[in-house]
Amino acid sequence: MATIASRPAEPLVPSLVAPRCGRAAPRPPRVGSGGNAAVVATAALARSKRRRGKAKPMPEDQAVYPAKDLCSRCGFCNTSLVGRVQEACAFLGDGMARLDQLEERVHGRQRNLEDEMELYFGVTVEDGVVPLQVLPEQRPAQRAWTGLVTSMACALLAAGRVDAVLCVASAAESPKKRLEPRPILARTVEEVLKCGGVKPMLSPNLLPLEELWQVRGEDIKRLLFIGVGCQVQALRSVEEDLGLDELYVLGTNCVDNPRDSEALQRFLRSASETPETAVGFEFMQDNRIHVKHADGRYEQIPVFALKEPENCTGVIAKSCYACFDYVNALTDLTVGYMAAPWQGGRMTEHQQYCVVRNQKGQQMLDLLAEKLDVGQASSLVPNGWSLPRSQLVPSVLSPELDLAFGRRRRREPPPRWLAELLSDVVTALGPRGVEFAKGSIDRAALRNLVCLEV
């Protein structure tokens, strides 16, 4: 793969843009319910390695958590590890300032701040930021977007690399509940596939960790955790207490989650003509919000065409306004859309990009190699002229701050044809590929810095 050598612009907020493991050991035998002495001894060893916290887990309906308004409802406080919340929570004490130390613990080094790619995307292996997509014939029918995360989880289970996958199912099959999250420890490929679909709101992904101290979880020695930055930071902070032989961490870029189902529905009413059938959405590189519907339809709504945006104040969780880990820097492998140049078409078939951070991340990617089309790192830096991101970020930042502070005025959106034209022009002339991603990171970091200081 070609090395990315482009250094087109100085970062807007270099001090804030967030931040090799050994080969896998032989897989230990699974623990059953029989009386085999070796199996019983293995289970006892696992329990001795797992240091269960002495604190009582908070109830799931707890009204106020330690981080108060900044709580991202990650589920950590609902486990017996809650006694370590001060050191684990991304929104308490030093919070995300601990990323530097955790990067060194997880990846063996901190990011190189002299390398602009690492400054923005975090620790990577050489040529570790690449475009990729699952081959069309290999995409699972049940998936969230492109099937990359689902395929990775299924491959690790099928190959015996992990005993379970901590992933997110739907709270229920009913239309009103299918977008609400219910994290589970999936033991089979079938259970992983049933989790396919997006749950675009705060999710208590760490909650199932409590099962590791229960009989039903004592045989889990190798785990794949799928989550976002604040969840992964808490996980990494207590990783040694989990008593796992192997922990793989697969993450996605994450920014601006609706705080709950009411907030999600409020946003969908602003974006979609038929919000009641929406099963997921994504802000894409064509400056449109793509909404997928239960009947197979896709809407592509220009960001300039949102209805009643003034009603969206309070939709985004306050924890998201305090987050500086958009790129999920503590994973082994991170996937997302934002650095992949726009190609057109449906978001469920579009190219994505990944950040390989360490040897485990490379192992995960290699395991799925036959099902992937992996491009060259250099293709994330498109040729041709484009507006520098430094000229566009301020114009995007102003309305976002108005939204955050409830200053959006009621207004009629422009005619749809004009909104479509504006999105097309900004897409054609604006930053693309890694420059689009860096602009997105700049915007989020600057906005959140202002929100925390005010």
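Residues numbered from 1 in each chain as written. Predicted model: local features only at pLDDT ≥ 70, side-chain atom pairs only at ≥ 80, totals over all residues. Heavy atoms only, no water.

**Q** A description of the sheet that holds strand 4 (residues 222-227) should follow, citing residues and the corresponding values.
**A** Read from one edge of the open sheet, 8 strands run 3-2-4-5-9-10-1-11, paired in mixed fashion. Two strands in the sheet have a free side with no partner beyond their single neighbour: strand 3 (181-186) and strand 11 (372-374). For this sheet, the mean inter-axis angle between neighbouring strands, taken without regard to orientation, is 30 degrees. Sheet analysis places strand 2 (residues 164-170) next to strand 4, joined by 3 bridges and oriented parallel. Residue pairing across strands places Ala 164 opposite Leu 223, the latter belonging to strand 4. Against the sheet, helix 9 (residues 359-367) engages strand 1 (129-134), strand 4, strand 5 (246-252), strand 9 (333-336), strand 10 (352-356) and strand 11, with an angle of about 75 degrees to strand 5. (Pairing = 2+ DSSP bridges. Helix = DSSP H or I, 4+ residues; strand = E, 2+ residues; numbered from the N terminus. Axes fitted to C-alpha atoms, helices over the stretch in contact; angles between N-to-C directions. Contact = heavy atoms within 4.5 Å.)

**Q** Please provide a residue-by-residue account of a nonpolar patch on the surface, values included.
**A** The grouping of Trp 385, Trp 417, Leu 421, Val 425 and Leu 429 at the surface amounts to a nonpolar patch, some 580 Å² of accessible area in total. Mapped onto the elements of the fold, Trp 385 is located in the loop between strand 11 and helix 10 (389-404). For Trp 385, a relative accessible area of 60% corresponds to the exposed category. (Patch = residues over 30% accessible without salt bridge, like charges linked within 9 Å, V, L, I, M, F, W, Y side chains within 5 Å. Areas by Shrake-Rupley, 256 points an atom, 1.4 Å probe, with all protein chains shown as cover. Salt bridge = Lys/Arg side-chain N within 4 Å of Asp/Glu carboxyl O. Buried < 20%, exposed > 50% of the residue type's maximum accessible area, 1.4 Å probe, protein only.)

**Q** Help me get a handle on the pairing of strand 2, residues and values and all.
**A** Across the 7 residues of strand 2, 7 count as buried, placing the element largely inside the fold. With 6 bridges connecting them, strand 2 and strand 3 associate as antiparallel partners. Following the sheet pairing, Ser 170 is matched in strand 3 by Pro 181.

**Q** Can you tell me about helix 7 (residues 229-237), naming the residues and giving the values?
**A** Taking burial as the measure, the 9 residues of helix 7 include 9 buried ones, the bulk of the element. Residues Gly 229, Cys 230, Gln 231, Val 232, Gln 233, Ala 234, Leu 235, Arg 236 and Ser 237 constitute the buried set of helix 7. For helix 7, the elements touching its buried residues are helix 2 (85-88), helix 3 (99-107), strand 4 and strand 5.

**Q** How would you explain the pattern of salt bridges if you had to name every residue and give the values?
**A** What the rule picks out here adds up to 28 salt bridges. Two residues, Asp 241 and Arg 84, come together in a salt bridge whose shortest N-O distance is 2.1 Å. In this pair, Asp 241 is assigned in the loop between helix 7 and strand 5 and Arg 84 in the loop between helix 1 (37-49) and helix 2, connecting sequence segments 157 residues apart. With relative accessibility at 7%, the residue Asp 241 sits in the buried group.

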